[in-house]
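# Reading the structure
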Amino acid sequence: MGKVTGFMEFDRISEQNIPPQERLKNYKEFVLHLSDDEAKKQGARCMDCGIPFCTTGCPINNIIPDWNDLIYNQNWEEAIEVLHSTNNFPEFTGRICPAPCEAACTLNINDDAVGIKSIEHAIIDKAWENNWVKPLISTSKTNKKIAIVGSGPAGMAAAQQLARVGHAVTVYEKNDRIGGLLRYGIPDFKMEKTHIDRRVKQMEAEGVVFKVNQNIGENVKPEELTNNYDAVILAGGAEHPRDLPVPGRELNGVMFAMDFLPQQNKVVAGDKLQNQILATDKHVVVIGGGDTGSDCVGTSNRHHATSVTQFELMPQPPVKENKEMVWPNWPLKLRTSSSHEEGCERDWSVTTKSFVGENGKVKEIIAARVEWKDGKMVEVPNSEFTLKADLVLLAMGFVSPQQKMLDLFGVDKDQRGNVKASTEGKDAYITSKAKIFAAGDIRRGQSLVVWAIREGRQCARAVDEFLMGTSTLPR
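Residues numbered from 1 in each chain as written. Predicted model: local features only at pLDDT ≥ 70, side-chain atom pairs only at ≥ 80, totals over all residues. Heavy atoms only, no water.

### Some remarks on the side chain of Asn62
The line we're drawing: Under the scheme used here, helices are H or I runs from DSSP no shorter than 4 residues and strands are E runs no shorter than 2 residues, and both carry numbers assigned from the N terminus. Think of it in three bands: residues with accessible area under 20% of the maximum for their type are buried, residues over 50% are exposed, and the middle band is partly exposed, with areas taken using a 1.4 Å probe on protein chains only. Side-chain atoms alone can form a polar contact between residues adjacent in sequence; in general such a contact is a pair of N or O atoms within 3.5 Å, and within protein one must be able to donate a hydrogen while the other accepts it. Note on contacts: a residue pair qualifies if any of its non-hydrogen atoms lie within 4.5 Å across the two residues.
Considering the arrangement of structural elements, one finds Asn62 in the loop between helix H4 (53–57) and helix H5 (64–72). Judged by relative accessible area, which is 4%, Asn62 ranks as buried. In this structure the side chain of Asn62 is engaged in a polar contact, spanning 2.5 Å, whose partner is the side chain of Thr86. In contact with Asn62, other than residues within four places in its own chain, are Thr55, Trp67, Leu83, Thr86, Asn87 and Glu120.

### Focus on the pattern of salt bridges
Filter applied, for reference: Each salt bridge in this description consists of a side-chain nitrogen of Lys or Arg and a carboxyl oxygen of Asp or Glu lying within 4 Å of one another.
Per the counting criterion, the structure on display carries 30 salt bridges. Across the salt bridge formed by Glu455 and Arg443, the nearest N and O atoms sit 2.6 Å from each other. One end of the pair, Glu455, is in helix H20 (residues 449–468); the other, Arg443, is in helix H19 (residues 441–444), with 12 residues separating them in the sequence. Across the pair, Arg443 and Glu455 agree in class, each one buried. If you follow the salt bridges from partner to partner, you end up with Arg23, Arg302, Glu341 and Glu342 in one network.

### Looking at the packing of H5 against helix H9 (residues 116–129)
Note the threshold: The angle between two axes is taken between their N-to-C directions and runs from 0 to 180 degrees, where each axis is a line fitted to C-alpha atoms and a helix contributes only its stretch in contact. Put simply, a crossing is left-handed when the front helix is turned counterclockwise from the back one by less than a right angle, and right-handed when it is turned clockwise. The residue classification treats Ala, Val, Leu, Ile, Met, Phe, Trp, Tyr, Cys and Pro as nonpolar and Asp, Glu, Lys and Arg as charged. All others, Gly included, are polar.
Relative to each other, H5 and H9 sit at 65°, their axes nearing to 11 Å. You can see that H5 and H9 cross each other, and the crossing is left-handed. Between H5 and H9, the contacting residues are Ile64, Trp67, Asn68 and Ile71 on the first element and Ile116, Ile119, Glu120 and Ile123 on the second. In terms of residue class, the contact of H5 with H9 is built from six nonpolar, one polar and one charged.

### A closer look at unusual backbone geometry
Residues other than glycine predominantly adopt negative phi, and peptide bonds predominantly adopt the trans conformation. The amide bond that connects Trp327 to the next residue, Pro328, takes the cis arrangement and shows omega of 5°. Relative to the assigned elements, Pro328 resides in the loop between helix H16 (323–326) and helix H17 (338–341). One non-glycine residue with positive phi stands out, namely Asn382, at about 60°. With respect to the helices, strands and loops of the structure, Asn382 is situated in the loop between strand E14 (376–379) and strand E15 (385–388).

### Quick notes on helix H3 (residues 36–44)
Listing the buried residues of H3 in full gives Ala39, Gln42, Gly43 and Ala44. Structurally, H3 contributes buried residues whose contacts are with helix H1 (6–9), H5, helix H6 (76–84) and H9.

### Topic: the sheet that holds strand E11 (residues 345–348)
We count it as follows: Paired strands, in this sense, are two strands between which DSSP finds at least two bridges.
Taken together, the five strands give an open sheet; going across it, the order is E8-E16-E9-E10-E11, and neighbouring strands pair in parallel fashion. Every other strand in the sheet has two partners, leaving strand E8 (254–256) and E11 as the edge strands with one partner each. Pairwise comparison of adjacent strand axes, ignoring direction, gives a mean angle of 20° for this sheet. Looking at chain direction, strand E9 (residues 283–287) and strand E10 (residues 307–312) are connected through five bridges and run parallel. Following the sheet pairing, Val284 is matched in E10 by Val308. Running at roughly 75° to E8, helix H14 (residues 257–268) makes contact with E8 and strand E16 (391–394) of the sheet. The strands touched by helix H15 (residues 291–302) within the sheet are E9, E10 and E16, with E10 carrying the most contacts at an inclination of about 175°.

### A few points about the packing of helix H10 (residues 153–164) against H20
For the pair H10 and H20, the least separation of the axes is 7 Å and the interaxial angle reads 35°. H20 is crossed by H10, and the crossing has right-handed handedness. Here H10 contributes Pro153, Ala154, Ala157, Ala158, Gln161 and Leu162 to the contact with H20, which in turn contributes Val449, Ala452, Ile453, Gly456, Arg457, Ala460, Val463 and Asp464.

### Topic: H5
Inspection of H5 places Ile64, Pro65, Trp67, Asn68, Leu70 and Ile71 among the buried residues, and these make up the whole buried set. Where H5 is buried, its residues contact H3, H4, H6, helix H8 (100–103) and H9. Just downstream of H5, Gln74 is the residue with a positive phi angle, here 60°.

### What about the sheet that holds strand E3 (residues 145–149)?
Taken together, five strands build an open sheet; the order of strands is E5-E4-E3-E6-E18 and the sheet is parallel. Edge positions in the open sheet fall to strand E5 (209–211) and strand E18 (436–438), since each of these has one partner strand only. Each adjacent strand pair in this sheet contributes to an overall mean axis angle of 20°, direction not counted. Relative to strand E4 (residues 168–172), E3 runs parallel, the two being bridged by five bridges. Paired with Ile146 across the strands is Val169, a residue of E4. In the packing of H20 onto the sheet, contacts are made with E3, strand E6 (231–234) and E18, and the angle to E18 comes to roughly 160°.

Read these as layout, nothing more, since geometry by itself doesn't imply function.
Below, the structure is given as structure tokens:
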């Protein structure tokens, strides 16, 4: 794979970013994909390691060494075929996946991992530029109809797979545009929405029908789907956010991140919003240290906030992981996102005690330091402090899917409120209700886009087997 001695000859090559002072002027992507020569050198670093843990570190089991070798040999067109064989949407994962494959790279044991994500990004961008991404239209039809509820990465992946084996697929989306949280959860500066639009056009050519503004329980009844389709896939997201029930929570200016981020996506798309929530000239406090919190930081900086502070309840992770202890698993270590680089004060081991307001609007946040002893959080005595806060964004994760739709379909749920469905055996991905399946965050809980694509693909195979008795779709 690659060049036998490449990992000793070439250093890891990182993608270049447009400088912060420039990229903060707009909401466009700022990560520049590798040149052909840079990708060739990066592909050359892929070792002939014998057991490529990267393929198992990747949730969709991308055949990474193969396309690394193809890029080293500059066979780009075959590389996209190999990449597409496991991943329907590499333009999504090549931009927003945290790359667990790189953590599992054999070279990562004692050196810098191969830049797998950057090569994936370069392959799919070149494929679109050269018109190699074309609709794959089934030559025969099964006369089976499938409804998919939710058009995020799980729903889109399932829809494309099922359409390609001849089923009639209709996707129902409650929002006004297709894409789910890809569309209205991820800022455009991380992934521009033209990538979704191109895939939608491809899938429509393959026979998928998309219906927007279709809300189960409002203008679509569950029985309409169960009575009119041979199978139904529930592929919504885990959209119920974790709240922070402390004094002052009701104050104006204290809100969930997902009440803030989608508005900017809509504005970038050309919508005219009244009373958009803006961080302009405000002291912003983001509570939660994950990706959603980072997205709030980047968006607030583009709004020209006066200051941006991010709190995390857990202790600050180590700057570098102990690879001997954690490889090939995803390590706990300090991660600094591009949004943090643009400007943000980060603080760890902080608990929020209350919000203080004036005339119904938040003005301050009262917080305190905490320590973790024997797995329990203990407040540090006399550590309370106050911080200015005109806008507080709660980005502490998501606890479950919205329950109303699940109750309307009458499917069983697990202890966390997710749809209960196994991924194993002949009843894989099927719920407690006949012919109703579930995939993605609605089944597994809050997770990564790459996991959603995996579940959508596997659920598609399960549905195909359910309807036809057998399936040619990959597992």
